[in-house]
Amino acid sequence: MHQKQLNLKFRGVEEEINENIKGKMIRELAKWLEIKEEEVACTVESAFRIRVKPQQLKLKKSPGDCLMIFNSIEMKNMILRTSYRKKLIIENRTIIIYKEIPIRLLGKRQGYRQIVSVLQRNNIQYRWEFPEGITFYYKDKRFRLIDTQEAEIFLRRYEKELGKGEEWYGGGGRYTERRKEKKVKNTEKQKRERKEEEEEVEEEGAVGGEEEEEEEEELGEEEEKEEETTRNRKTRS
């Protein structure tokens, strides 16, 4: 966990053939922070591009994230503070900066998925609290919800204004919509298959009924023949 506290991820940095991502990021950060490259370089332990992409990046065909590991918490904090004031632009692309979150904290945040979906849908910016909780402004009032129970109370209170929390897929935007569409299509397909099976069963039942009627007719004809034979014998006698 201590190691992750010194990490930052940069999303949106264009990939290049035979790129030196460490040198590139040092130059761009120095320019953005308005300090010398040497000041940044001495705080960077390593930097590399993450090849395993999140699902939303695969759908958008975006470049993989860049991970930078610092040996100084001061440099990391300087980057984060600056990001609140101005955007990091590299090659005319806005770069999103992420803090590395330990798995333990990510697990706790799963309980806030409903309120997060509501805030995102209503374009309300929010900030995660450490080690747990979420902070945001709504109607010029600051809300700091420090557990899931408070989040549920907020959702019930403002449900008419903000709407209900949507089903969570771990993502958002176009990816979430595609997952929903896929789920609907699968449901419709299952309904069609079930209906076809029921129709087949009904047809089999109808065919079986016709066969039974034919058998009854044949039995009736045989009985009539036997009765006629019996009458003929009596007449001869």
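Quick look at the structure, then. (Residues numbered from 1 in each chain as written. Predicted model: local features only at pLDDT ≥ 70, side-chain atom pairs only at ≥ 80, totals over all residues. Heavy atoms only, no water.)

### Some thoughts on helix 4 (residues 73-85)
What counts is decided by this rule: The helix and strand labels rest on DSSP assignments: H or I over at least four residues marks a helix, E over at least two residues marks a strand, and numbering proceeds from the N terminus. Expected span of a helix: the number of residues minus one, times 1.5 Å. In this scheme, a residue with accessible area under 20% of its type's maximum is buried, one over 50% is exposed, and one in between is partly exposed, where area comes from a 1.4 Å probe on protein chains only. Directions from the helix axis toward the C-beta atoms define the arc. Residues count as neighbours in contact if any of their non-hydrogen atoms are within 4.5 Å of one another.
Look at helix 4: 19 Å from first C-alpha to last across 13 residues, which is about the 18 Å you get at 1.5 Å a residue. Taken together, the buried positions of helix 4 are occupied by Met-75, Lys-76, Ile-79, Leu-80 and Thr-82. Down the axis of helix 4, the smallest arc covering the buried residues is 165°, so these residues share one side. Facing away from the buried side of helix 4 by more than 90 degrees, the exposed set consists of Glu-74, Arg-81, Tyr-84 and Arg-85. On the buried face of helix 4, the contacting elements are strand 1 (7-11), helix 1 (21-33), helix 2 (37-41), strand 3 (66-70) and strand 5 (93-99).

### Looking at the sheet that holds strand 4 (residues 88-90)
Cut-off, in case you're wondering: DSSP-based pairing: two strands are paired if at least 2 bridges between them are found. For every element, the axis is a line fit to its C-alpha atoms; helices are fit only across the contacting stretch, and the angle between N-to-C directions ranges from 0 to 180 degrees.
The antiparallel open sheet is built from 5 strands, whose spatial order is 2-3-1-5-4. In the strand order of this sheet, the two ends are held by strand 2 (44-49) and strand 4, each with one partner. The average angle at which neighbouring strand axes cross in this sheet is 30°, direction not considered. Relative to strand 3, strand 1 runs antiparallel, the two sharing 4 bridges.

### Looking at the nonpolar core
Note the following rule: Nonpolar core, defined: a set of buried Ala, Val, Leu, Ile, Met, Phe, Trp, Tyr and Cys residues in which side-chain atoms within 4.5 Å join the residues together.
In terms of nonpolar packing, the biggest core is built from 23 residues, with Phe-10 and Ile-79 touching the most fellow members. When residues of this core are assigned to their parent elements, the largest contribution, 7 residues, is made by helix 1. Ignoring sequence-local partners within four residues, the contact set of Ile-79 consists of Leu-8, Phe-10, Leu-29, Trp-32, Leu-33, Phe-70 and Ile-97. Listed in part, the 16 residues of the second largest apolar core include Ile-124, Ile-134, Phe-136 and Tyr-158.

### Digging into the pairing of strand 8 (residues 141-145)
With 5 bridges connecting them, strand 7 (residues 134-138) and strand 8 associate as antiparallel partners. Pairing of Tyr-138 across the sheet is with Lys-141, part of strand 8. Remark: 2 residues form the turn of the hairpin made by strand 7 and strand 8, two consecutive strands paired antiparallel; Lys-139 in that turn has positive phi of roughly 55°.

### Re the pairing of strand 7
Burial of strand 7 is extensive: 4 of the 5 residues sit out of reach of the surface. As paired strands, strand 6 (residues 126-128) and strand 7 are joined by 3 bridges and run antiparallel to one another. Its bridge partner lying in strand 7, Arg-127 is registered against Thr-135. Remark: 5 residues form the turn of the hairpin made by strand 6 and strand 7, two consecutive strands paired antiparallel; Gly-133 in that turn has positive phi of roughly 125°.

### Points about the packing of helix 6 (residues 113-121) against helix 7 (residues 148-157)
The condition that has to hold: Any angle from 65 to 115 degrees is called roughly perpendicular, while one under 35 is roughly parallel, one over 145 is roughly antiparallel, and all others are oblique. Take the far helix as the reference: if the near one is turned anticlockwise from it by less than a right angle, the crossing is left-handed, and if turned clockwise, right-handed. For this classification, Asp, Glu, Lys and Arg are treated as charged, while Ala, Val, Leu, Ile, Met, Phe, Trp, Tyr, Cys and Pro are nonpolar and the rest, including Gly, are polar.
At a minimum axis distance of 9 Å, the contact between helix 6 and helix 7 shows a crossing angle of 45°. Classified by the angle their axes make, helix 6 and helix 7 are oblique. As helix 6 runs across helix 7, the sense of the crossing is left-handed. The segment helix 6 lies against helix 7, with Gln-114, Ile-115 and Val-118 engaging Ala-151, Phe-154 and Leu-155. Counted by class, the contact of helix 6 with helix 7 contains 5 nonpolar, 1 polar and no charged residues.

### Re the sheet that holds strand 6
Judged by pairing direction, the sheet is antiparallel, and its 3 strands sit side by side in the order 6-7-8 without closing on themselves. The sheet is open, and its two borders are formed by strand 6 and strand 8, each paired with just one other strand. Pairwise comparison of adjacent strand axes, ignoring direction, gives a mean angle of 20° for this sheet.

### A short note on the pattern of salt bridges
To keep it simple, the criterion reads: The salt bridge definition used is simple: a Lys or Arg side-chain nitrogen within 4 Å of an Asp or Glu carboxyl oxygen.
Taken as a whole, this structure holds 11 salt bridges when the rule is applied. Residue Lys-24 is joined to Glu-16 by a salt bridge in which the shortest nitrogen-to-oxygen separation is 3.3 Å. Accessibility expressed as a relative area gives 41% for Glu-16, which makes it partly exposed. One continuous salt-bridge network, built from bridges that share partners, spans Glu-15, Glu-19 and Arg-49.

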